[in-house]
Number of protein chains: 4
Amino acid sequence: MLKNNQKTKYKQIIDAAVITIAENGYHQCQVSKIARQAGVADGTIYLYFKNKEDILISLFREKMQHFIQRLSEIIAGKNTATEKLLLLVENHFRILSENHALAIVTQLELRQTNKELRLKINDILKGYLKLIDDILIEGIENGEFDAKLDIRLARQMIFGTIDETATSWVMTDHKFDLVSLAPKIHQLLIHGCGNN
Amino acid sequence: MLKNNQKTKYKQIIDAAVITIAENGYHQCQVSKIARQAGVADGTIYLYFKNKEDILISLFREKMQHFIQRLSEIIAGKNTATEKLLLLVENHFRILSENHALAIVTQLELRQTNKELRLKINDILKGYLKLIDDILIEGIENGEFDAKLDIRLARQMIFGTIDETATSWVMTDHKFDLVSLAPKIHQLLIHGCGNN
Amino acid sequence: MLKNNQKTKYKQIIDAAVITIAENGYHQCQVSKIARQAGVADGTIYLYFKNKEDILISLFREKMQHFIQRLSEIIAGKNTATEKLLLLVENHFRILSENHALAIVTQLELRQTNKELRLKINDILKGYLKLIDDILIEGIENGEFDAKLDIRLARQMIFGTIDETATSWVMTDHKFDLVSLAPKIHQLLIHGCGNN
Amino acid sequence: MLKNNQKTKYKQIIDAAVITIAENGYHQCQVSKIARQAGVADGTIYLYFKNKEDILISLFREKMQHFIQRLSEIIAGKNTATEKLLLLVENHFRILSENHALAIVTQLELRQTNKELRLKINDILKGYLKLIDDILIEGIENGEFDAKLDIRLARQMIFGTIDETATSWVMTDHKFDLVSLAPKIHQLLIHGCGNN
DNA sequence: GATGAATGAGACTTCATTCAT
DNA sequence: AATGAATGAAGTCTCATTCAT
């Protein structure tokens, strides 16, 4: 019960942070604003987080875990790497589309931090990049993908493309439908621009 | 001559800003640090720039102009879109490699800003994205690229991939040679991951 | 039995406070630290003490009582004021030497408080100063001491000298043997600097 | 002129600090209160002092310099150590009497600081203790004082007695005349309590 | 009696910007 | 044009104390 309460308040603060940061921007988002949104006192924040930065890191870790978990499950049963890649792109976009505030935080606000913090974020991101790598390896092994593929570069292309598209979508205030772009992006990632 | 001096001091401050921001990070880079590096008084900065943000924007505009200018010239005489794309990637990487401080500023520090500033940055970036679009259009028209290519998405793939790779290179403290990755990335962008 | 338990916990907290304050300094010594050291919950402190200041006052009162008690007993049977003064100085130093943590608290930390609290401390100190006064009066009456002695000033000299020496000893991290200084200090207090 | 202005503002802040700390106590004395009293902006304080603690240290250093300077000059021409000691005590008391606020700060507020700061204060105090030591040495050499005098202990007696008396005077809100106590204290320091 | 999670007031310090010289 | 001393708003975090359990 106590454990439960704690978990509740921890997540309560994280969810408040997502909303408040998305609304105000990271640097305009005072701890007191998060506290008010979470319905707790300012000091309470510091019972669950080391400092303001720790809220951001924890938020990203928490959400990324779900993200990876969900994508993993969706991908799990599929047979081809090609299909898995489509589902990855599509559902990456879907999750962001389902939660605009989270999309703003991950695509914009999270980046407004110094290099040290960025390294921590990259560390958390590794779990996601591993998903991509696994798909690539599978694709190479079963002959779907180019045998001479440089996995790191291919992964950077895939992640870079998804990320750039998502950021662009957030910057235009979610004006277009992100999920429906997935097939075309998938096509690009598999076949490139060239006229094959 | 006075006009000349102004231009000198303007660029002097911008160059100081690149160095100082790269060394300290945008948020740890006080205006007074830039002034000291530029060898001028704090107040002098405000004779040439509206505010601190304006330094960043101006810096990016100034450098991006050169960037685009240089890439345009290099690409100019070439016959195929494919070749142009290779040269674009290669020289994009080359310019960043030649100036580590500038690379840090554009890949990391410039992003640590609020949405409003990001929109201004995107605006400046349009000139660069136009270069990519022109190559894509040319490629489609002369049959090198897929006729059904969605130009916006293709551009996002190209830019996203270049950007992700460059950022990754900066984050690892320029540990590997960026320029030599260009051919492989070019190959990926043209043919994708698939086993064509 | 309950009463007994209370007393136990009361002293338990006071002893924890001596250790914790000595280790951390009064202002760096959070109530929660004392509680942890005492093995009780934070809230429990407030069942036995009105507030943090009250811990300090109570601590001093408690320890000073023992201090005075012990000195009184030692002095009791002696015949001359001169001998009593020597024993007072010697045993004052001995008690501090026996308990470094207490010495730190009384000589340094207790002073880091506002005037209001200092007045309360002075009040508790009166019992000790009375000991000195009694020795002085006895010395005057039996001709050992100068008949025209200003008792208040003499007491301030005696206490000031002891206190300064003790503080100096604490500030040097108890580097020298305090007790062995007693005879020389006693000599000084009785005969002064002069060449009599 | 610039140098002059700086010096003026530095001293202006120090004098404001003496008054404000004396009135409010060190821990109740916010930097903004000092700034207001000094007639400068909060931020201006930090152009002249590293932090709040630095104000206290600088204040003590500045005032102690004057203190020592003045005592040195007064003592300078005198022939006997005994006379010098009297003048030292008398003028120590006189300076405190002339500036009640300073007396409060040095006798009470300055002590409300942690050990680290106390060590810095002690360091500054050394100049004053040197004055005492010089008198003692002179007294021993010319036969006024006991040849076997332990200088460190004698100095602690002298300083301890002066300090205790001064603190006691401050604690009673300067109710009695401090300066007039000097002769009796001098008598005590030279001849002790004993009936010589 | 005992707990310990929650509270929330409060202050030091930084730094972009100004303006008198 | 150039200076740089002065400004002052603004926000993170600590910690003594409370009170529901």
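Residues numbered from 1 in each chain as written. Chains lettered and ligands numbered in written order. Predicted model: local features only at pLDDT ≥ 70, side-chain atom pairs only at ≥ 80, totals over all residues. Heavy atoms only, no water.

1. Overview of the environment of M171 of chain A
In this fold, M171 of chain A is placed in helix α8 (residues 151–171). A relative accessible area of 9% places M171 of chain A in the buried class. In contact with M171 of chain A, not counting residues within four places along its chain, are L108 of chain A together with K115, R118, L119 and N122 of chain B. (Helix = DSSP H or I, 4+ residues; strand = E, 2+ residues; numbered from the N terminus. Buried < 20%, exposed > 50% of the residue type's maximum accessible area, 1.4 Å probe, protein only. Contact = heavy atoms within 4.5 Å.)

2. Points about the relation of the copies chain B and chain A
Each copy of the sequence occupies a distinct position, and chain B is placed on chain A by a rotation of 180° and an axial shift of 0.0 Å, giving an RMSD of 0.1 Å. As the rotation angle and translation indicate, the two copies are arranged about a two-fold axis. An overlap of 100% is found between the interface residues of chain B and their copies at the interface of chain A, pointing to a shared contact surface. (Least-squares fit on C-alpha atoms with pLDDT ≥ 70 in both.)

3. A word on the UniProt feature "DNA-binding region" (unreviewed entry) in chain A
Sequence positions flagged by UniProt for "DNA-binding region" (unreviewed entry) are, in local numbering, residues 30–49 of chain A. Its end C-alpha atoms 14 Å apart, residues 30–49 of chain A is made of 75% helix and 0% strand. (UniProt positions renumbered as here; feature names shortened; annotations may be inferred.)

4. As for the relation of the copies chain C and chain D
Placing chain C over chain D gives an RMSD of 0.1 Å and needs a rotation angle of 180°, together with 0.1 Å of translation along the axis. Most of the interface of chain C is mirrored in chain D, where 100% of its interface residues are also at the interface.

5. Concerning the interface of chain C and chain D
Quoted interface sizes are often the accessible area lost when the parts come together. If you look at the interface, chain C gives 47 residues, while chain D gives 47 residues. Of the roughly 4,000 Å² buried where chain C meets chain D, counting both sides, 60% is carbon and sulfur surface. At the junction of chain C and chain D, the tally comes to four salt bridges. Put simply, chain C and chain D have 21 residue pairs in polar contact (both at pLDDT 80 or more) between them. Where the side of chain C that touches chain D is concerned, the elements lending two or more residues are α7 (115–141), α8 (151–171) and α9 (182–191) of chain C. (Buried area = accessible area lost by both parts, 1.4 Å probe. Salt bridge = Lys/Arg side-chain N within 4 Å of Asp/Glu carboxyl O. Polar contact = N/O pair within 3.5 Å; in protein donor to acceptor, adjacent residues only side chain to side chain.)

6. Let's talk about the protein's contact with DNA strand F
The immediate surroundings of DNA strand F are formed by 29 residues, with Y46 of chain A, T44 and Y48 of chain B together with T44 and Y48 of chain D found nearest. In this structure, a phosphate oxygen belonging to DNA strand F sits 3.0 Å away from a side-chain N or O atom of K9 of chain D. If you list the elements that add at least two residues to the surface near DNA strand F, you get α3 (42–48) of chain A, α1 (2–24) and α3 (42–48) of chain B, α3 (42–48) of chain C together with α3 (42–48) of chain D. Looking at which element gives the most residues to the surface near DNA strand F, the answer is α3 of chain B, with five residues. Grouping the constituent residues of the surface near DNA strand F by class yields 12 nonpolar, 11 polar and six charged. (Near = heavy atom within 4 Å. Nonpolar A, V, L, I, M, F, W, Y, C, P; charged D, E, K, R; others polar.)

7. A few points about the packing of helix α4 (residues 52–76) of chain C against α7 of chain C
All names here are of chain C. Interhelical geometry of α4 versus α7 gives an angle of 5° and a closest axis separation of 10 Å. One finds that α4 runs roughly parallel with respect to α7. Contacts from E53, L56, I57, F60, R61, M64, F67, I68, L71, S72 and I75 in α4 reach L117, K120, I121, I124, L125, G127, Y128, L131 and I135 in α7. Split by residue class, the contact of α4 with α7 holds 15 nonpolar, two polar and three charged. (Axes fitted to C-alpha atoms, helices over the stretch in contact; angles between N-to-C directions. Parallel < 35°, antiparallel > 145°, perpendicular 65-115°, else oblique.)

8. Digging into the interface of chain B and chain A
Contact with chain B, which involves 47 residues of that partner, is made by 47 residues of chain A. In total, about 4,000 Å² of surface goes out of reach between chain B and chain A, with carbon and sulfur atoms giving 60% of it. It is K115, M171 and C193 of chain B in chain B that bury the most area against chain A; as a group they hold 17% of the surface buried on that side. Counting across the chain B and chain A interface gives four salt bridges. Joining chain B to chain A, the criterion identifies 22 residue pairs in polar contact (both at pLDDT 80 or more). Those elements that place two or more of their residues in the side of chain B that touches chain A are α7 (115–141), α8 (151–171) and α9 (182–191) of chain B. When residues in the side of chain B that touches chain A are grouped by element, the largest group, 15 residues, is from α8 of chain B.

9. Description of the nonpolar core
Ranked by size, the top nonpolar core spans 144 residues in total, and within it L88 and Y128 of chain A together with L88 and Y128 of chain B carry the most contacts. Sorting elements by how many residues they give to this core places α7 of chain B first, with 11 residues. Contact partners of L88 of chain B, with chain neighbours within four places excluded, come to L71, I75, Y128, L131, I132, I135, I158 and I162 of chain B. One finds M64 and I75 of chain C together with L96 and F159 of chain D within the second-largest nonpolar core, a separate group that totals 142 residues. (Core = buried A, V, L, I, M, F, W, Y, C linked by side-chain atoms within 4.5 Å.)

10. Description of the packing of aromatic side chains
What the rule picks out here adds up to 12 aromatic pairs over all chains. The interplanar angle of 15° and the centroid separation of 5.0 Å between the aromatic rings of Y10 of chain B and F49 of chain B together place this pair among those described as stacked. A residue pair is termed long-range when its members are at least 10 positions apart, and Y10 of chain B in helix α1 and F49 of chain B in the loop between α3 and α4 (52–76) qualify at 39 residues. For the pair Y10 of chain B and F49 of chain B, a shared accessibility class is recorded, and that class is buried. The structure contains a cluster of three or more aromatic residues connected by ring pairs, namely F67, Y128 and F159 of chain A. The residue whose ring lies beneath K52 of chain B is Y26 of chain B, and the NZ or CZ to ring-centre distance is 4.6 Å. (Phe/Tyr/Trp six-rings, centres within 6.5 Å; stacked < 30°, edge-to-face > 60°. Lys NZ or Arg CZ within 6 Å of the ring centre and 35° of its normal.)

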